[in-house]
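# Results of the structural survey
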Amino acid sequence: FDPNAADPNAADGVTGNAGGGETGLHMSSEDSAESMLPKAVQMNDSLEQPGEVVYPSNAVHSHRYTLLNFLPLQVYEQLNPFKKFANFYFLVVGCLQAVPQISVTGGLPVTLGPLLFVLGVDALTKLYEDWQRRRSDALTNSEATRVLDASTGAFEPHRWDEVRVGDVVCVRNREIFPADMLFLGTGSGSSASHCWVSTKSLDGETDSKLREAAKATFARLSAAGCDACATLLRLRGALRCEAPNGNCNDFAGMLHLEPDSERGSSAPADVSAVTEGNMLLRGCQLRNTEQIFGLVVSTGVDTKAMSAGGARGGGSALSSSAEKVGAMTGRMNRDILGICAMLAALSVLGAVLHALWCGRQARRDGEAIDGGFWYLGAADLCENPAELMGSYFLLSYTFIPVSLYVSINLVYTATAFFMAQDLAMYDPTLDQPAEVRTMSLCDELGRISHVLSDKTGTLTSNHMRLRRLTVGEVLFGEPVERLDPLGASGGSSAHSLPSAGDGEGGYASESDVAPPRALRMASASHGAHYSPLVGAEGGAHVAPHADRQERQPHPKKNEKMNEKSLPGTQLQPLQGTSLSHLGGGDGRFPPLPAHFGCRPQTAEHVCYEEAEGVRGVSSLYASLDDLREANAAWRNELVLLLLHLAVNHSVLYEALGGAEELSASSPDELALVSAAEHFGFDFTQRDLSEGVLLVREKRLGLASPPQRVQVLAVFPYTSNGKRMTTLVRLPHTLCPSRSNGKGCVFAFTKGADSVLLERLARPSLSAAAAAANSPKRVATLKCTLGAWADAALRTLVFGCRQVSDSEYEAWQVRYAAAISDPRERASQKAGRENAIDMLQGEIEKDLLLQGGSAVGNELR
């Protein structure tokens, strides 16, 4: 960190340096940097030097009692009126029984004996629970991990409780992270810069999350021929980060890495920002990755998992100094308090009635009360009302049974026993039964306090399939009336939507379009779909890649097909086209070309159909295959939209069971990427280390090399922004217009119509804006989206704009400095005005409207 460095962009509210491709952080003073990022972690250096902070141990201590504090804590917890009011109640009763003036037991506190028995049973129960927690703590603390040892130059086995802040740890597949760590890299392989993590122990989500390595470290670890251990030992620098907190979805830090000693001192230092996407949190599990290397940032009670549960204040399951109680305990305290109030009222009523009765008898008999009621003894029964109230209270205190908590503890113990013996709760993989750590929480299981619903998320299977597309004023795909948006065919919609019509982009009436044709699947050995096609004379034609055993005549045009019984993607071939380049001069329909369609892994995410009567520019297949010069502008517009689908996403390939499958945080993105593949642009790989996407144009053949699309910046989707933008450099072979050898820079933005339409360029800005953003186009899109929404389809709007190289280079300098400034990142997360959002807005403006999409979600 260079506190004395000046930045020419300081007037714009951004400080930093991005010259030479290096991102730097320059604060106005060291105090400012330390106030934003107060914690410093040294790499490969002593942490316990004089004046240094001593970080907490990584040992888990969830037990609560020791030999010294067991009795004091038990007395406090068992007799605390705010926790167990019944015990406090019987303690008060015992004290009152020892008062001779009001005692009904001869001054003997007979209630204290049963109370001591109850307290003893409860204490033994707590002692047994604490012993189980100690045993669990010992197992957790003795878990083995591998820590880099500077003396041996290799990873040596260590216990979890021996891990310290600053250690470099190696975690292998399916292992649990022992502490909060900065992801340094994997060391080798195509996934050297990323790994997959299961966060189910933190947030309950079963989907694997992607984590990326710090840019400054994985580049050195992934260098050709490097020794991972030696490279890690040569790392020198510091991580300055935020103070420990319990926000598991947020992290801010800056990694300052000194030059590699092997490259010489003249090499520039590496300074990069660290976010939550670079962190591996304690309790999470490594998935589908051979191994990772991590720098320990936080241990023990400083970790996110323990801080989130209130461990620093005494409320976590991992380190707790406060007893957890169920809702039943609080309910009983309230009920007992109400009974006590009733007893007090009865005592007052008894004393009042007693005084009235004594006065009436004295007046009636005309003699002293003691003489008249000789069987009550010589005591004065009417002089002290307080004593009368106390006596009546002691006569009726048994309204509350002294064995109340003992009975409840016996129920808890039996419940815990049956839970541990329940085979339905047994995990055969880990050979571990259900374990009850706090029996007083057993009654919490199965209790429902609130019912929450995320719109239709509780009713749908979260399996998305692309159904329709719209570009300009043309709708591609079967009309809404013919598609059940939740997965079945043949449904109807109350909202009538015009379908694609003639070759000039108009709309035809419903009667002008024939019903759709369902397609059959090819043999599983081919892994592709094909369609039997009807010729002029009713003969059958099949796709050239179809299996001979699957070649069957297509049903006649007037016969209905059971579309619900056909699984997978339904592909509709080119129908009724007269384009010469597609053949078919003999009047027969051509087969679906091989560059259309999906693999079996992605076919389930596309359900696109075209009616038989659709032809010309109203058919997406025909438009993409029309290579004539007269159709060039329309085809380029369609290709640019498909490229948008193929590159503007966060989808990755994940290794599962020896095969690679698409993995995404949102099922909508899977549907859009699969749709791009279906129409000829196959996303084949994402290289995070180099920041590139590989996209193959299937028209050029499966053997053709994929095109390298450089990812320049990604603005991820947020609930507030409701959009996602990817800034890419397309190769010149994919650019819609002629470009130099460097290709052209495009900003692709997709999102909700409410936020994207307001970012469109004014039609008067340019000829391209006048054509793409005309009022008629925008109005048609709004109408279409409304009809799709009425049919329960999920809609997105797509826009783009080309960015000149000079504009991008000037913008990149300012943006790199902004995202490296912890003050700007903190302002962005807090929702305050910041340079990051301002610079992203500069890219997401003056967009050209591309079109919209409709994705259907199936019912459970």
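Just above, that's the structure.
Now for a quick tour of the structure.

Parameters at a glance
Residues numbered from 1 in each chain as written. Predicted model: local features only at pLDDT ≥ 70, side-chain atom pairs only at ≥ 80, totals over all residues. Heavy atoms only, no water. Phe/Tyr/Trp six-rings, centres within 6.5 Å; stacked < 30°, edge-to-face > 60°. Helix = DSSP H or I, 4+ residues; strand = E, 2+ residues; numbered from the N terminus. Buried < 20%, exposed > 50% of the residue type's maximum accessible area, 1.4 Å probe, protein only. Disulfide = S-S within 2.5 Å. Pairing = 2+ DSSP bridges. Core = buried A, V, L, I, M, F, W, Y, C linked by side-chain atoms within 4.5 Å. Axes fitted to C-alpha atoms, helices over the stretch in contact; angles between N-to-C directions. Expected span 1.5 Å × (residues − 1). Contact = heavy atoms within 4.5 Å. Parallel < 35°, antiparallel > 145°, perpendicular 65-115°, else oblique. Left-handed = near helix turned anticlockwise from the far one by under 90°. Nonpolar A, V, L, I, M, F, W, Y, C, P; charged D, E, K, R; others polar.

As enumerated under the stated definition, the model contains 18 aromatic pairs in all. Judged by centre distance (6.1 Å) and plane angle (50 degrees), the ring pair of Phe-85 and Phe-88 falls under tilted. Pair noted here: Phe-85 and Phe-88 are both in helix α3 (residues 85–97), with a separation of three residues, about one helical turn. According to the relative accessible area criterion, Phe-85 is buried, its value standing at 15%. Geometrically, the ring pair formed by Phe-746 and Phe-748 is stacked, given 5.7 Å between the ring centres and 10 degrees between the ring planes. Given a relative accessible area of 3%, Phe-746 falls into the buried group.

Summarising the element assignment, Gln-421 is placed in helix α12 (residues 404–421). It is 7.3 Å that separates the C-alpha atoms of Gln-421 and Pro-433, two residues lying 12 residues apart in sequence.

Moving on, we come to the state of the cysteines. Per the stated rule, a full pass over the model turns up one disulfide. Paired through a disulfide, Cys-735 and Cys-744 show a sulfur-sulfur distance of 2.2 Å. What sets the handedness of the Cys-735 and Cys-744 disulfide is the S-S torsion sign, and at about -120 degrees it is left-handed. With a relative accessible area of 3%, Cys-744 lands in the buried category. Here Cys-248 is not disulfide-linked; the sulfur of Cys-284 is the nearest cysteine sulfur, at 7.8 Å. With relative accessibility at 2%, the residue Cys-284 sits in the buried group.

Before going further, it helps to examine the pairing of strand β27 (residues 794–803). Both strand β26 (residues 744–751) and β27 contribute to a ladder of seven bridges, which runs antiparallel. By the bridge assignment, Gly-751 is partnered in β27 with Val-797. Strand direction decides the pairing type here: β27 and strand β28 (residues 848–859), joined by seven bridges, are antiparallel. Paired with Phe-798 across the bridge in β28 is Gly-851.

Core analysis: the largest hydrophobic core is formed by 50 residues, its most contacted members being Phe-476, Phe-679 and Leu-730. If you tally residues by element for this core, the top one is helix α15 (residues 632–647), at 10 residues. Of all hydrophobic cores here, the second largest spans 45 residues; its members include Ala-179, Ala-214, Ala-216 and Val-274.

It is worth spelling out the sheet that holds strand β7 (residues 208–212) at this point. With antiparallel pairing, three strands are arranged side by side in an open sheet as β7-β6-β12. Looking at the sheet topology across the chains shown, the edges are occupied by β7 and β12 (285–287). Direction aside, the axes of adjacent strands within the sheet are offset by 45 degrees on average. In this sheet, β12 lies alongside strand β6 (residues 194–198) in antiparallel orientation, the contact comprising three bridges. In the sheet register, Trp-196 faces β12, and the bridge partner there is Arg-287.

Right, let's get into helix α20 (residues 805–819). Counted at 1.5 Å a residue, the expected span for α20 with its 15 residues is 21 Å, and the 21 Å between its end C-alpha atoms agrees. Every buried residue belonging to α20 is among Tyr-808, Trp-811, Arg-814, Tyr-815, Ala-816, Ala-817 and Ala-818, and all of these are buried. The inward-facing, buried residues of α20 contact β24 (707–715), β25 (723–730), β27, α21 (822–829) and α22 (835–843).

It is the contact of α15 with helix α16 (residues 667–678), at a shortest axis distance of 8 Å, that shows an interaxial angle of 135 degrees. As far as their axial angle goes, α16 and α15 are oblique. Where α15 crosses over α16, the handedness of that crossing is left-handed. For the pair α15 and α16, the contacting residues are Leu-642, Leu-645 and Ala-646 in the first and Leu-672, Val-673, Ala-675 and Ala-676 in the second. For the contact of α15 with α16, the per-class residue count stands at seven nonpolar, no polar and no charged.

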